[in-house]
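# Per-entry structural report
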Amino acid sequence: MTNLIIAGGNRRERSRTLLQRLEGGAGRRWLVAVPCGLPHDMPDGIHGIGLNDLDGALDAVGRVRSGDTLAVESVDYWAIGVSEPIPNPDNNPDVARWNAMAATAARKRARFRHAMQALPDGATIMMTASTLEAAERLLGAFPMGVSRIGCERLDLDRRIAFRPGMAA
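The sections below set out a description of the structure shown in this document.

Our focus in this paragraph is helix α2 (residues 54-63). In an α-helix, one full turn covers 3.6 residues, which means residues spaced three or four apart are oriented alike. Along α2, the positions that sit buried rather than exposed are L54, G56, A57, L58, A60 and V61. Where the residues of α2 are buried, they touch β2 (29-32), β3 (46-49), β4 (69-72), α3 (75-78) and α4 (95-117).

In structure tokens form, the structure reads like this:
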């Protein structure tokens, strides 16, 4: 099976397309949906890691074996670097606590990216990104075990697909 990047559209469209492709995946199937949560209509047989479970994501990537399929929601989230600010959505007044949580999350995301690079040969990786351009930029700066050009790429906005090795 070919590695895959799904980009464009809105988050729901990307997630729905990712889940549809994951249903046809090989071996054990994993869905890491840390930044956005698991879908309500998750099919049987897919191991899901849900909202804010960074430790679960690290555990899941460590369990992937050759022949398995790993789907990861939002390269944009996983590639947030330590120096990039993370918004404080609840306007948490305890800024020091918020900053400590953000730093811990950044370290866990970095560990996840490194674990992705160590996946065994034969594991299939599927992921979503806001745009194909963002995927190219982020995967170049923050490697996650696949090269953009080595993946099948679906652009939901332009309704086109690129085969591995095909320039966009």
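Next comes the rest of the description.
Within a sheet, adjacent strands bond to each other through the backbone by hydrogen bonds, running parallel or antiparallel. Ordered in space as β3-β2-β4-β5-β1-β6-β7, the seven strands form an open sheet in which the pairing is mixed. Of all strands in the sheet, those bounded by a partner on one side alone are β3 and β7 (160-162). Pairs of neighbouring strands in the sheet enclose a mean axial angle of 15°, with direction left out of account. Bridging between strand β1 (residues 4-7) and strand β5 (residues 124-129) involves four bridges; their strand directions are parallel. Note that in β5 the partner of I5 across the bridge is M127.

In this section: the packing of aromatic side chains. Taken as a whole and assessed by the stated rule, the structure comprises two aromatic pairs. Ring centres of Y77 and W78 lie 5.2 Å apart, and the angle between their planes is 80°; this geometry places the pair in the edge-to-face category. In this structure, Y77 and W78 share a single accessibility class: buried. Each ring, one from W78 and one from F112, has its centre 4.0 Å from the other, and the planes form 25°; the classification is stacked. Placement of the pair is W78 in helix α3 and F112 in helix α4, with a sequence separation of 34 residues. Here W78 matches F112 in class, with each residue buried. Through pairs of rings, three or more aromatic residues link up here, namely Y77, W78 and F112. Sitting over the ring of Y77, R109 keeps its end group 5.2 Å from the ring centre.

Rules used in this analysis
Residues numbered from 1 in each chain as written. Predicted model: local features only at pLDDT ≥ 70, side-chain atom pairs only at ≥ 80, totals over all residues. Heavy atoms only, no water. Buried < 20%, exposed > 50% of the residue type's maximum accessible area, 1.4 Å probe, protein only. Helix = DSSP H or I, 4+ residues; strand = E, 2+ residues; numbered from the N terminus. Contact = heavy atoms within 4.5 Å. Pairing = 2+ DSSP bridges. Axes fitted to C-alpha atoms, helices over the stretch in contact; angles between N-to-C directions. Phe/Tyr/Trp six-rings, centres within 6.5 Å; stacked < 30°, edge-to-face > 60°. Lys NZ or Arg CZ within 6 Å of the ring centre and 35° of its normal.

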